[in-house]
2 protein chains.
Amino acid sequence: MTNINRRQLGKGLAGGLAAGLLGTGRSSAAPRPSQIDAAWTPVAPGVWKSTLGSPEAITPVKGRLVAPKLTALGSMQHADKPPLAVPVGSVSARGVSVELPLHTNEEIYGFGLQFFSVQQRGKKRVTRVNADPHMDTGDSHAPVPFYVTSHGYGVLIDTARYATFYCGETKPKPTQAAAAVNSGDVPTTTTELYSRNPADEASAKVLVDVPAAQGVDVYLFAGPTILEAVRRYNLFSGGGIAPPEWGLGFWYRTQSNATDKQVLALMKEFRERNIPCDVLGLEAGWQTHAYSCTYAWHKDRFPDPASFVRQAKALDLHVNLWEHAFIHPSSPVFTPMVDLAGDKGVWGGLVPDFEDPHARKVYGDYQGKALLDMGIDGFKLDECDNSDYTRGWSFPELSKFPSGADGEQMHSIFGLRYQSALWDQFEQRKRPTYCLVRSSGALAAPYPFVLYSDLYEHRQFVRALVNSGFSGLLWCPEVRDAKSDEDLIRRLQTVVFSPLAMINGWYIPNPPWKQLDRKKNNANELMPQWESLEAKCREIIGWRMMIVPYLRAAFAKYAEDGAPPFRALALDWPDQPEVAKIDDAWMVGDRMLVAPLFAGETSGRTLMLPPGTWHDFWTGTVMHGGTKVQIASSFEKIPVYVKAGSVMPLAAVTNSTADPHRRQLTVQVFGDGSLPFEMAGSLKLSWDQAAKKGSLMQSGSEAYTVASWSVKG
Amino acid sequence: MTNINRRQLGKGLAGGLAAGLLGTGRSSAAPRPSQIDAAWTPVAPGVWKSTLGSPEAITPVKGRLVAPKLTALGSMQHADKPPLAVPVGSVSARGVSVELPLHTNEEIYGFGLQFFSVQQRGKKRVTRVNADPHMDTGDSHAPVPFYVTSHGYGVLIDTARYATFYCGETKPKPTQAAAAVNSGDVPTTTTELYSRNPADEASAKVLVDVPAAQGVDVYLFAGPTILEAVRRYNLFSGGGIAPPEWGLGFWYRTQSNATDKQVLALMKEFRERNIPCDVLGLEAGWQTHAYSCTYAWHKDRFPDPASFVRQAKALDLHVNLWEHAFIHPSSPVFTPMVDLAGDKGVWGGLVPDFEDPHARKVYGDYQGKALLDMGIDGFKLDECDNSDYTRGWSFPELSKFPSGADGEQMHSIFGLRYQSALWDQFEQRKRPTYCLVRSSGALAAPYPFVLYSDLYEHRQFVRALVNSGFSGLLWCPEVRDAKSDEDLIRRLQTVVFSPLAMINGWYIPNPPWKQLDRKKNNANELMPQWESLEAKCREIIGWRMMIVPYLRAAFAKYAEDGAPPFRALALDWPDQPEVAKIDDAWMVGDRMLVAPLFAGETSGRTLMLPPGTWHDFWTGTVMHGGTKVQIASSFEKIPVYVKAGSVMPLAAVTNSTADPHRRQLTVQVFGDGSLPFEMAGSLKLSWDQAAKKGSLMQSGSEAYTVASWSVKG
């Protein structure tokens with residue numbers, strides 16, 4: 001069995017397993033109304049499919065554009081039989097419903113980028129695309145109809161509909177009368193009345209309600225552990241990504257209406273003041289018109305864009321451009337796209353029919369020639385989720401597209417197809433990229449895009465980071481502004497331990513550390529003694545630069561075996577109830593645990609430290625896991641713990657990842673050094689006794705030097 | 001044309017207009033897939049129907065149980081042609097969509113009990129049944145697929161689906177390229193980016209997205225004014241209601257687990273301390289088991305229920321019982337209902353198939369015999385909305401019922417059908433009732449039920465009161481507890497000017513004025529000087545007793561001509577933009593404007609007083625409308641204004657409406673007395689010079705005496 005990669009896919013594949021996986025075989029869409037139960041059919045190592053009824057033509061798997069990593073799937077532990085009974089389906093005029101088993105004390109995780117809870121059992125989750133979720137409903141700008149359970153398997157409902165998952169609370173009607181008794185007191189709080197913990201209930205089910213469809217494919221992913229189930233889902237999706245090294249440096253987005261001179265002046269100041277920065281992001285004002293977009297440079301603000309990009313590159317900066325997909329009538333790409341768009345307009349612009357490969361090509365080709373060829377290294381794809389309820393700026397679910405997609409389906413796939421339109425351009429040019437996007441969906445793991453949103457509550461941002469790893473997503477809890485010095489520090493401490501470390505200054509001309517007050521910042525009234533806050537921020541951004549080698553290793557593993565580089569503790573300790581429920585701490589890679597502090601929480605926090613021996617990352621102090629630890633609030637550091645034995649390489653702090661000095665490592669060994677450091681993928685670097693002695697380590701074309709090492713704890 | 005009343009309906013009608021209205025003719029459900037455009041067909045005076053495609057069998061109009069008030073409709077201003085172009089429909093696998101015209105500067109109101117906004121243009125509204133709406137999405141425990149506009153017409157989409165209304169913000173795609181220009185600054189706030197006021201945009205549409213259905217009936221209600229459009233909708237629904245006089249007195253609900261002795265002791269204390277009370281409500285603990293319900297008296301707490309009810313009646317109290325519809329296996333009605341229930345259980349109980357008349361009858365008959373015949377005068381029907389996202393206690397949308405309804409349809413009609421099951425029992429006994437319910441829907445005006453909810457934010461409660469009148473609903477902003485003395489006062493001031501004046505003490509053994517702190521209240525630790533707060537509350541409850549004659553007149557008009565007794569200012573002044581948008585003041589009847597104060601808002605409030613001359617209700621001070629007035633915060637009074645010329649009869653404050661002394665009126669004449677007071681319906685009482693002289697006024701069997709009168713202002 002060969003690993004069908006993306007490039008082969010572009011040439012067209014037919015027949016056999018791959019075709020079935022890739023949806024080129026459309027026979028399953030033929031009406032088979034009576035077939036609502038089906039067997040599990042193996043489709044990849046440890047992956048099964050069950051077709052209930054007549055699935056729709058437009059679904060995440062059928063429209064997939066990246067092939068599964070079959071070789072990597074094949075190298076996982078052999079799963080000889082499906083770990084779950086066959087689902088039962090039922091079709092009605094309103095859609096198809098699916099019933100899946102659930103066991104006593106089986107906990108459920110997933111459903112994409114969830115902001116309000118981590119454990120989903122007993123809840124109703126709707127995979128509705130919504131830019132602005134404010135309740136724990138399942139709505140998200142990146143919902144995914146995929147869940148994993150503590151029993152070590154995953155389920156993907158292959159639909160582009162807003163499906164509803166009833167996670168175990170629904171019960172059949174009672175049929176046996178009971179004897180009358182006078183019960184005790186009735187609860188007198190709504191919390192008592194409405195809450196219960198059904199996790200310990202036997203014979204519960206997961207019920208899935210898929211509107212409109214007359215059938216659906218259900219995919220099952222074996223474990224045996226929950227982490228392996230997620231890995232299988234990610235490998236089936238096409239594997240995780242390893243971003244270019246510059247993508248893991250620090251990002252800064254400048255004010256929307258800044259001119260080329262203003263932007264470059266700020267970046268020069270960063271260099272002079274040793275604020276690390278690898279990526280410079282421009283917001284909406286670079287275009288002649290936004291909202292909607294022209295993708296054409298604003299002549300007053302950027303009179304010579306090629307020169308601007310060259311000057312940025314001379315500063316070792318990669319330029320990232322904001323855009324959304326809604327095409328203004330004055331855009332050069334408007335006329336070529338006018339027949340490749342939906343029937344509704346958004347902000348006076350076209351909505352591209354991204355389900356159509358030709359629409360993606362026309363849209364992408366324009367930007368490839370106009371922007372990539374000039375040196376643009378990435379994009380921020382905004383507003384591609386849904387208007388939710390903020391005065392309905394997006395296209396309605398009843399929209400129609402030439403490809404046959406309706407608005408609901410389009411919302412579910414729009415984010416990923418939009419990513420594809422631009423990613424293709426980078427792929428054609430064999431150039432790496434690392435981008436931002438506001439919507440994603442099922443099978444997103446291989447896409448080099450990181451989610452962000454307009455939400456801003458710090459705890460929600462952390463919860464999204466915890467949840468992202470269940471569903472093949474990456475999340476950037478970006479820093480925009482802050483209520484206080486402490487709030488800025490806390491948010492920055494969080495983002496530097498995330499997939500993408502960024503400050504988004506789109507509405508302030510000065511970095512937030514110079515002035516937290518938005519109005520004063522815009523009036524260039526700086527805070528007195530801002531330099532001390534800047535110094536604190538510089539130090540935190542420096543931490544990011546130090547862990548770049550560690551992050552690269554974690555991402556290389558993601559690309560190779562699908563293990564999420566940022567993930568919930570539940571994925572590593574699913575059977576420790578007090579650990580598995582944690583929604584305010586996450587793992588970076590396989591050995592680093594981050595437990596952030598939040599502004600105003602002066603008494604610090606508690607953390608149920610997972611079993612085993614740990615070290616405080618900063619001090620080396622030994623901590624014993626399996627108990628709840630009290631962490632004092634410190635303004636200086638974010639609580640980070642590493643597993644005992646960890647060998648941790650820390651890079652020298654440089655102004656960007658382009659500086660060769662970054663290859664000078666300070667290696668910290670926690671305890672006995674029994675957990676060696678290894679980079680999988682393109683960069684093979686293993687820790688050994690030689691490294692401890694400070695020798696040069698070679699890895700392909702990249703050389704690391706161990707400048708110093710120390711043993712902590 | 002005869003007025004087809006409810007009793008005739010029970011005997012079965014066939015053919016002609018009535019049958020079409022009542023849905024006994026099922027021919028429209030036959031497949032006509034190609035018909036998606038249709039003409040307006042007159043169905044009642046000033047009411048038209050347009051059938052798009054093949055509507056579903058289960059809809060609010062097809063399942064209606066109360067006949068339209070055709071005579072009253074016929075006596076309204078003749079509307080010779082439909083005030084709106086024919087809707088355009090489109091059918092797809094995901095459902096039917098409808099497009100309706102919308103004009104420049106046309107504002108939209110309605111959609112049932114909305115808590116978060118009054119004006120709906122530019123918004124996306126979903127008529128999803130949700131017990132716990134926390135965002136401005138359209139979700140509500142009483143959504144109604146009906147809207148009215150400032151252009152003086154109403155539209156009902158006859159569906160039991162969770163329909164989505166795109167209220168004018170959706171635009172067709174652009175088709176013409178434009179010349180490139182360098183635009184000015186991009187907004188740098190999300191508020192600017194996402195908000196716009198599309199009300200002044202021409203060629204907008206209302207788009208309605210109805211899932212699952214392959215067709216839908218659209219009903220159009222003429223005005224010519226917006227108030228007349230609402231009246232027509234209410235008369236088409238069967239007219240408004242005139243509750244029994246006791247229903248307009250004060251209500252108090254006692255603690256869930258209180259015993260008969262405790263309840264009666266509290267009520268005797270009310271009588272001794274002159275706290276008016278007409279209705280005594282028992283919460284869940286009266287039953288042997290709740291949640292789910294047995295509808296059987298708890299033998300320890302109520303060993304002799306008949307005696308208890310007799311003792312309550314002796315105190316002039318009407319007993320109202322809490323229940324929900326989910327039937328516990330130990331209920332006497334479980335076995336008769338087990339085959340008349342849906343396939344899912346809720347709280348371990350059956351979900352009655354209330355779409356089936358037989359299920360309603362079996363369920364209602366049991367309660368009629370067991371409870372009504374004992375003297376119970378009303379019910380509080382809880383939890384009949386939907387579980388939304390509070391750990392999913394309700395039945396899922398994919399539930400199936402023997403009648404053919406699915407869970408989504410059942411949620412939309414459950415509240416009203418449940419009301420019907422119990423109301424029928426009162427009707428059979430020719431006994432009036434006035435009840436509480438947590439869910440309602442389309443065509444609810446003739447049902448003697450008032451909505452309430454678990455929400456509690458005071459401004460939301462007021463907004464719900466403002467919105468209720470657009471869609472034939474009544475709303476009780478009940479008082480449960482309060483954060484402060486002022487909060488209690490403010491909430492009580494609001495509720496006494498609402499359809500149902502109630503304190504719900506379900507989790508406190510003592511009235512809130514004795515102890516605001518819940519824990520201390522339960523420990524019987526009373527606040528020092530609670531008597532002064534009690535005195536304040538007594539005074540406010542007294543206001544309620546004083547306005548009962550005025551409320552009766554407003555309700556009599558509601559029953560006769562459909563004019564909502566509680567309504568938004570937009571219904572009376574749709575063309576005054578600053579008045580029409582008010583979401584924190586409402587009209588009671590045709591001449592009284594209530595503008596409540598909210599706790600903590602120490603600087604008072606502003607009010608855009610509608611055009612004309614007004615008087616302060618309390619002082620008689622003349623106020624000139626058409627300008628914004630600043631109202632100082634006063635602890636003593638809620639701001640109330642009456643139109644100049646109003647003749648206002650105020651009843652003597654009595655301990656209940658059973659006290660004959662209540663017929664002694666103090667008549668206040670504001671200004672020239674040119675707005676006489678009249679009661680329509682059963683009680684005909686007109687103000688005249690004789691009344692001014694203090695003579696006896698006879699009205700049927702009821703005699704009023706004018707004890708005194710005064711001219712104010």
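Not measured: the values here are computed from a predicted model. (Residues numbered from 1 in each chain as written. Chains lettered and ligands numbered in written order. Predicted model: local features only at pLDDT ≥ 70, side-chain atom pairs only at ≥ 80, totals over all residues. Heavy atoms only, no water.)

Examining the overall build of chain A
The number of helices and strands found in chain A is 16 helices and 34 strands. Sequence separation of 24 or more characterises 73% of the internal contacts of chain A that already satisfy a separation of 6 or more. As presented, chain A carries roughly 22,300 Å² of accessible surface, and 53% of it is formed by carbon and sulfur atoms. (Helix = DSSP H or I, 4+ residues; strand = E, 2+ residues; numbered from the N terminus. Contact = heavy atoms within 4.5 Å. Areas by Shrake-Rupley, 256 points an atom, 1.4 Å probe, with all protein chains shown as cover.)

A closer look at the pattern of salt bridges
Per the stated rule, a full pass over the model turns up 90 salt bridges over all chains. A salt bridge links R417 of chain A to E355 of chain A; the nearest nitrogen and oxygen atoms lie 3.7 Å apart. Here E355 of chain A lies in the loop between β16 (344–345) and α9 (357–370) and R417 of chain A lies in helix α10 (residues 407–428), a separation of 62 residues in the sequence. The exposure classification of R417 of chain A matches that of E355 of chain A, with both residues buried. For E478 of chain A, the salt bridge is made with R480 of chain A, and the minimal N-O distance between the two is 2.8 Å. What makes E478 of chain A buried here is its relative accessible area of 3%. Taken together, the shared-partner salt bridges in this structure form one network comprising E56, R161, D406 and E408 of chain A together with R94 and D209 of chain B. (Salt bridge = Lys/Arg side-chain N within 4 Å of Asp/Glu carboxyl O. Buried < 20%, exposed > 50% of the residue type's maximum accessible area, 1.4 Å probe, protein only.)

What about the interface of chain A and chain B?
Each partner contributes residues to the interface: chain A has 97 residues there, and chain B has 97 residues. Together, the buried faces of chain A and chain B total about 7,600 Å²; carbon and sulfur atoms form 54% of this surface. We note a salt bridge from R301 of chain B to D185 of chain A, for which the minimum N-O separation is 3.4 Å. For the pair chain A and chain B, the interface holds 34 residue pairs in polar contact (both at pLDDT 80 or more). Elements with a contribution of two residues or more to the side of chain A that touches chain B: β6 (124–126), β10 (171–172), α4 (190–194), β11 (204–211), α8 (334–337) and β16 of chain A. Of the residues in the side of chain A that touches chain B, the class split is 35 nonpolar, 32 polar and 30 charged. Pairing between β10 of chain A and strand β16 (residues 344–345) of chain B: two bridges, direction antiparallel. Within the sheet, the bridge partner assigned to P172 of chain A lies in β16 of chain B and is K344 of chain B. (Buried area = accessible area lost by both parts, 1.4 Å probe. Polar contact = N/O pair within 3.5 Å; in protein donor to acceptor, adjacent residues only side chain to side chain. Nonpolar A, V, L, I, M, F, W, Y, C, P; charged D, E, K, R; others polar. Pairing = 2+ DSSP bridges.)

Concerning the domain arrangement of chain A
All names here are of chain A. Assigned domains within chain A: domain 1 (6–172 + 196–237), domain 2 (245–451 + 527–559) and domain 3 (566–712). On the side of domain 3, ten residues touch domain 1, which itself brings seven residues to the contact. Across the domain 1 to domain 3 interface the summed buried area is about 680 Å²; carbon plus sulfur atoms make up 72%. Three residues stand out in domain 1 for area buried against domain 3, namely V118, I226 and L227, and they jointly supply 56% of the buried area on that side. (Domains from an automatic or database assignment.)

As for the relation of the copies chain A and chain B
Turning one copy of the chain about an axis and sliding it along that axis gives the other copy, so a rotation and a shift relate them. You can overlay chain A on chain B at an RMSD of 0.0 Å; the transform is a turn of 180 degrees with a shift of 0.0 Å along its axis. Taken together, the turn and the small shift mark the pair as related by a two-fold rotation axis. It is A212 of chain A whose C-alpha, among those of chain A, lies nearest the rotation axis, at 3.2 Å. (Least-squares fit on C-alpha atoms with pLDDT ≥ 70 in both.)

Focus on the nonpolar core
Nonpolar side chains in soluble globular proteins tend to be buried together. Within the largest apolar cluster, 186 residues are counted, with the highest numbers of intra-cluster contacts made by F236, L282, F308, Y434, F497, W513 and M592 of chain A. For this core, the element with the highest residue contribution is helix α14 (residues 530–561) of chain A, accounting for 13 residues. Core analysis: the next-biggest nonpolar cluster, separate from the first, contains 185 residues, A142, W475, C476 and I638 of chain B among them. (Core = buried A, V, L, I, M, F, W, Y, C linked by side-chain atoms within 4.5 Å.)

A look at the sheet that holds strand β17 (residues 378–382) of chain B
Residue and element names in this part refer to chain B. The sheet built from seven strands is open, its strands ordered β19-β18-β17-β15-β14-β13-β20 with parallel pairing. Of all strands in the sheet, those bounded by a partner on one side alone are β19 (449–451) and β20 (501–504). Each neighbouring strand pair of the sheet contributes to a mean axis angle of 20 degrees, computed without reference to strand direction. Summarising the sheet, strand β14 (residues 279–282) and strand β15 (residues 318–324) pair through four bridges and their orientation is parallel. Bridged to L282 within β15 is L321. (Axes fitted to C-alpha atoms, helices over the stretch in contact; angles between N-to-C directions.)

A few points about the packing of helix α9 (residues 357–370) of chain B against helix α10 (residues 407–428) of chain B
Residues and elements named next belong to chain B. Interhelical geometry of α9 versus α10 gives an angle of 50 degrees and a closest axis separation of 9 Å. One way to sum up the angle between α9 and α10 is to call them oblique. The handedness of the crossing between α9 and α10 is right-handed. Where α9 abuts α10, its residues R360, K361, Y363, G364, D365, Q367 and G368 lie against R417, Y418, S420, A421, L422, Q425 and Q428. In terms of residue class, the contact of α9 with α10 is built from four nonpolar, six polar and four charged. (Parallel < 35°, antiparallel > 145°, perpendicular 65-115°, else oblique. Left-handed = near helix turned anticlockwise from the far one by under 90°.)

Regarding unusual backbone geometry
The step from Y291 of chain A to S292 of chain A runs through a cis peptide bond, and the omega angle for that step is -5 degrees. With respect to the helices, strands and loops of the structure, S292 of chain A is situated in the loop between β14 (279–282) and α7 (305–314). Positive phi, close to 60 degrees, is recorded for Y295 of chain B, a residue that is not glycine. We note that L443 of chain B has phi near 65 degrees; this positive angle belongs to a residue other than glycine. A relative accessible area of 4% places L443 of chain B in the buried class.

Description of the sheet that holds strand β26 (residues 622–624) of chain A
Residue and element names in this part refer to chain A. Taken together, the six strands give an open sheet; going across it, the order is β21-β22-β23-β28-β25-β26, and neighbouring strands pair in antiparallel fashion. A single partner strand is all that each edge strand has here, and the edge strands are β21 (566–568) and β26. Within the sheet, the average angular offset between the axes of one strand and its neighbour, ignoring direction, is 35 degrees. For strand β25 (residues 613–616) and strand β28 (residues 640–643), the ladder comprises three bridges, and the chain directions are antiparallel. Each bridged residue has a counterpart across the sheet, and for W614 the counterpart in β28 is K643.

Examining α9 of chain A
All names here are of chain A. The terminal C-alpha atoms of α9, which comprises 14 residues, lie 20 Å apart, in line with the 20 Å expected from a rise of 1.5 Å per residue. Regarding α9, the residues found buried are A359, R360, V362, Y363, G364, D365, Q367 and G368. Buried positions along α9 lie against β15 (318–324), α8, β17 (378–382) and α10. Capping the start of α9, D356 holds a side-chain oxygen 2.9 Å from the backbone nitrogen of H358, two or three residues further along. (Expected span 1.5 Å × (residues − 1).)

A closer look at helix α12 (residues 485–495) of chain A
Residues and elements named next belong to chain A. Counted residue by residue, α12 has ten buried out of eleven residues, so it is predominantly covered. All buried positions along α12 are accounted for by E486, D487, L488, I489, R490, R491, L492, Q493, T494 and V495. Tucked inside the fold, the buried residues of α12 contact β13 (250–253), α11 (458–468), β20 (501–504), α14 and β22 (586–588).

Quick look at the packing of α12 of chain A against α14 of chain A
Residue and element names in this part refer to chain A. With their axes 9 Å apart at the nearest point, α12 and α14 run at an angle of 10 degrees to one another. Of the possible angle classes, the one that applies to α12 and α14 is roughly parallel. On the side of α12, the interface is formed by D485, L488, I489, L492, Q493 and V495, while α14 contributes L533, K536, C537, I540, I541, W543 and R544. In the contact of α12 with α14, the residues fall into nine nonpolar, one polar and three charged.

Quick look at the UniProt feature "domain: Glycosyl hydrolase family 31 C-terminal" (unreviewed entry) in chain A
This chain's UniProt record puts "domain: Glycosyl hydrolase family 31 C-terminal" (unreviewed entry) on residues 562–647 of chain A. With 5% helix and 34% strand, the stretch residues 562–647 of chain A has end C-alpha atoms that lie 22 Å from each other. (UniProt positions renumbered as here; feature names shortened; annotations may be inferred.)

Brief notes about the pairing of β28 of chain A
In this structure, strand β23 (residues 592–594) of chain A lies alongside β28 of chain A, joined through three bridges in antiparallel fashion. Within β28 of chain A, the position partnered with V594 of chain A by the bridge is V640 of chain A.

Thoughts on the packing of aromatic side chains
On inspection of all chains with the given rule, the structure shows 85 aromatic pairs over all chains. Here the aromatic rings of W506 of chain A and Y507 of chain A are separated by 5.1 Å at their centres, their planes lie at 65 degrees, and the arrangement is edge-to-face. Overall, Y507 of chain A belongs to the buried group, its relative accessible area being 5%. Between F379 of chain B and F426 of chain B, the ring centres sit 6.2 Å apart and the planes meet at 65 degrees, which makes this aromatic pair edge-to-face. Taken together, the residues F379 of chain B in strand β17 and F426 of chain B in helix α10 connect sequence positions 47 residues apart. Given the relative accessible area of 0%, F379 of chain B is considered buried. Among the aromatic residues, those joined into a ring-pair cluster are Y291, Y295, W322, F326, W347, F354, Y363, W393, F395, F401, F414 and Y418 of chain A. In this structure, R491 of chain B packs its charged tip against the face of Y456 of chain B, placed 3.8 Å from the ring centre. The ring centre of W530 of chain B lies 4.8 Å from the NZ or CZ of K514 of chain B, which sits over that ring. (Phe/Tyr/Trp six-rings, centres within 6.5 Å; stacked < 30°, edge-to-face > 60°. Lys NZ or Arg CZ within 6 Å of the ring centre and 35° of its normal.)

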